[in-house]
Amino acid sequence: MMTRNNVEALVLEWGSNPEMQNKAIVDTLYKSLANGDTGTVVKLLASDLEWWFHGPPRCQHMMRVLTGESSHNEFRFEPRSIEGLGDCVIAEGWEGAQVYWVHVWTLKAGLITQFREYFNTWLTVRDVKPPSWEIGHDNHTLWQSRPRDLAGRSLPGLVLAL
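Residues numbered from 1 in each chain as written. Predicted model: local features only at pLDDT ≥ 70, side-chain atom pairs only at ≥ 80, totals over all residues. Heavy atoms only, no water.

*Asks:* Tell me about the overall build of the protein, residues and numbers included.
*Replies:* Per the secondary structure count, the protein includes four helices and eight strands. Each helix (α) and strand (β) of the protein, taken in turn from the N terminus, gives the series α-α-α-β-α-β-β-β-β-β-β-β. By residue count, 44% of the 162 residues in the protein fall in the buried class. Taking as baseline every contact in the protein between residues at least 6 positions apart, the subset at least 24 positions apart corresponds to 57%. Summed over all atoms, the accessible surface of the protein reaches about 8800 Å², with 52% contributed by carbon and sulfur. (Helix = DSSP H or I, 4+ residues; strand = E, 2+ residues; numbered from the N terminus. Buried < 20%, exposed > 50% of the residue type's maximum accessible area, 1.4 Å probe, protein only. Contact = heavy atoms within 4.5 Å. Areas by Shrake-Rupley, 256 points an atom, 1.4 Å probe, with all protein chains shown as cover.)

*Asks:* So, helix α2 (residues 18–35): which residues are in play, and what are the values?
*Replies:* With 18 residues, α2 extends 26 Å from end C-alpha to end C-alpha; this agrees with the ideal 26 Å at 1.5 Å per step. Considered for burial, the residues of α2 that qualify are Gln21, Asn22, Ala24, Ile25, Val26, Thr28, Leu29, Tyr30, Ser32 and Leu33. Count one or two residues on from α2 and you reach Gly36, which has phi positive near 70°. (Expected span 1.5 Å × (residues − 1).)

*Asks:* I'd like to hear about the side chain of Arg64, residue by residue, with values.
*Replies:* Structurally, Arg64 can be placed in helix α4 (residues 61–66). Buried charge Arg64 goes without a salt bridge, the closest partner of opposite sign being Glu69 at 4.6 Å. Not counting residues within four places of it along the chain, the set of residues in contact with Arg64 comprises Pro57, Arg58, Cys59, Glu69 and Ser70. (Lys, Arg positive; Asp, Glu negative; His and termini not counted. Salt bridge = Lys/Arg side-chain N within 4 Å of Asp/Glu carboxyl O.)

*Asks:* Provide a residue-level description of the environment of Tyr118, including the pertinent values.
*Replies:* Tracing the chain through its elements places Tyr118 in strand β5 (residues 111–119). Sequence spacing of Tyr118 and His103 is 15 residues, and the spatial spacing of their C-alpha atoms is 6.3 Å.

*Asks:* Talk me through the packing of aromatic side chains; I want residue IDs and the actual numbers.
*Replies:* In the structure shown here, the tally under the stated rule is nine aromatic pairs. Ring plane angle 50° and centroid distance 5.3 Å describe the contact between Trp52 and Tyr118, whose orientation is recorded as tilted. Taken together, the positions of Trp52 in strand β1 (residues 45–54) and Tyr118 in strand β5 put the pair 66 residues apart, joining distant regions of the chain. Taken together, the ring pairs connect Tyr30, Trp51, Phe75, Phe77, Trp101, Trp105, Phe115 and Phe119 into an aromatic cluster. (Phe/Tyr/Trp six-rings, centres within 6.5 Å; stacked < 30°, edge-to-face > 60°.)

*Asks:* If you had to explain the environment of Phe77 to someone new, which residues and values would you point to?
*Replies:* Mapped onto the fold, Phe77 is located in the loop between α4 and β2 (81–85). The contact partners of Phe77, leaving out residues within four places of it in the chain, are Tyr30, His61, Met62, Trp101, His103 and Glu117.

*Asks:* Can you lay out the pairing of β5 for me, pointing to particular residues and giving the numbers?
*Replies:* The buried fraction of β5 is high, at seven of nine residues. Taken together, the six bridges between β1 and β5 define a ladder with parallel strand orientation. Paired with Leu45 across the bridge in β5 is Ile112. Connecting strand β4 (residues 99–108) to the antiparallel partner β5 that follows it, the hairpin turn spans two residues, and Ala109 within it adopts a positive phi of roughly 55°. (Pairing = 2+ DSSP bridges.)

Below, the structure is given as structure tokens:
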């Protein structure tokens, strides 16, 4: 189980690199969820966590786990990749050809304040405020879905503007 001191140690360890700190915090969240360590999960999430979901209502697995409606064993989130983009961390996972998810976590001062979940949806993350010297260039894509197991599957697509 991770104590408050361990969480603070993560913040101190990566203090000079906020993206690495944020990735470490989100990685700790997934490991804590997998182990049923609700004490650590509570310490990593803001009490007024902002939530957004896109996908079939029956697939709101993370909401049910975080609210205690279901056990951490009913649906296991095992990220295949975790990437930092400023104050956001994007985690992507899939299981075979039927289940694909993307989570976008926003952190402020080492605390997760916002969560966006995309279930069975292709996601493209774009920069809406490119540097002035890049105005006129088209490619401001920061991240795109890339589940290998679902390459031939048709899923709805969304663009998330940061």
